[in-house]
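# Secondary and tertiary structure notes
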Amino acid sequence: MKTVVITGSNGLIGSESVKFFIKKGFRVIGIDNDMRSYFFGKESSTLSVLKELETLKNYEHFSLDIRDQNKINHLFKTYSKDITLVIHTAAQPSHDWAAKEPHTDFTVNANGTLILLEATRKFAKEATFIFTSTNKVYGDTPNNLPLVDMGDRLELPKSHSFYVGIDETMSIDQSKHSIFGASKVAADVLVQEYGRYFDMNTVSFRGGCLTGPAHKGAELHGFLAYIIKAAIHKIPYTIFGYGGKQVRDNIHSYDLVNAFWHFHQNPKAGEVYNIGGSRVNSISILEVIKKLKTDFGYELDYTLSNTAREGDHKWYISDVNKFKNDYPGWEYRYLIDETIRDIVKVNEK
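One structure accompanies this document, and this report is about it. (Residues numbered from 1 in each chain as written. Predicted model: local features only at pLDDT ≥ 70, side-chain atom pairs only at ≥ 80, totals over all residues. Heavy atoms only, no water.)

### Remarks on the environment of S284
Along the chain, S284 turns up in strand β13 (residues 282-284). Of the residues examined, S284 reaches a relative accessible area of 0% and is grouped as buried. Separated by 39 residues in the primary sequence, S284 and K245 have C-alpha atoms spaced 5.5 Å apart. Aside from chain neighbours lying at most four places away, what touches S284 is D152, R153, G244, K245, Q246 and V247. (Helix = DSSP H or I, 4+ residues; strand = E, 2+ residues; numbered from the N terminus. Buried < 20%, exposed > 50% of the residue type's maximum accessible area, 1.4 Å probe, protein only. Contact = heavy atoms within 4.5 Å.)

Shown next, in the form of structure tokens:
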């Protein structure tokens, strides 16, 4: 039976991938050991998601650490003849948290990725290998853009070449990445290199803000999900730097996983794509706060801090045109208002 291995299977993108590919007729092998609760506390545990996934037909779960080379190799060897796709979403995802434990961050994000790539090469070389990278590979270079204060958001002039969004030509050099960004750069380049050097179908999707109703937002990760949670549950919120005018593009988990599906149907070797909500799904923190009040009646209790997070972006919008040109059948199902509404509904339960 055609099989997909999904790491981080309890997480936002992992669990969306599990459900998506089961519907496509795959057997799904999920790998997740709930390290999110270690990173962000028990309230961010994904074990409740696992309980739901284990009820699905054709789902098998393994509570493995992706840094355990022997166990990962054993799993890949066991299913080798059937593995046609690997979706690697497991990660330490916070650039703030990474500075607390750099060794943990790097071994999870970089070493773990290397172990998975090598297991794929040894036991399922023809499989498509999809890696969820990050826009943090560009470091703080986007902060050098000539941004203009528009009141509730920072913005680029329409005449600027990156007004549509930042594309894959932006340099990853000479910038501050955060420790997290550096570990993801290492993984990103490894994924590319395995594609080019070993002629494997690999891709790094450099995501903007990935979100959706299954997102276990925490203060240090998952801005949109956490700010909605804070507004609904009356949790005091701190905005770090830039007056709350920093802009992010948000992509719904379904739309990202659908992009995975399109790539898998016509994969390439060592490819890189910026993927996010693009301009149509971009929003600032202040704009989210206003929307929650006007559209849903929730008022956020927040304070402004003048101290920005290390390596944080003032403005980031993804130019997804390279991917859309290569895969013209892919398009957004969810726009920003629908995404916010989905997350609100989950938090109101």
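### What to know about the side chain of N258
As for its placement among the helices and strands, N258 is situated in helix α9 (residues 253-265). Residue classification places N258 among the buried positions, given a relative accessible area of 11%. Not counting residues up to four positions away in its chain, the partners in contact with N258 are F20, W330 and E331.

### Overview of the packing of aromatic side chains
Tallying each qualifying case throughout the model produces 26 aromatic pairs. Here the aromatic rings of F20 and F21 are separated by 5.1 Å at their centres, their planes lie at 55°, and the arrangement is tilted. Like F20, the residue F21 is buried in the burial classification. In this structure an aromatic cluster arises from ring pairing among F205, F260, F263, Y273, F323, Y327, W330 and Y332. (Phe/Tyr/Trp six-rings, centres within 6.5 Å; stacked < 30°, edge-to-face > 60°.)

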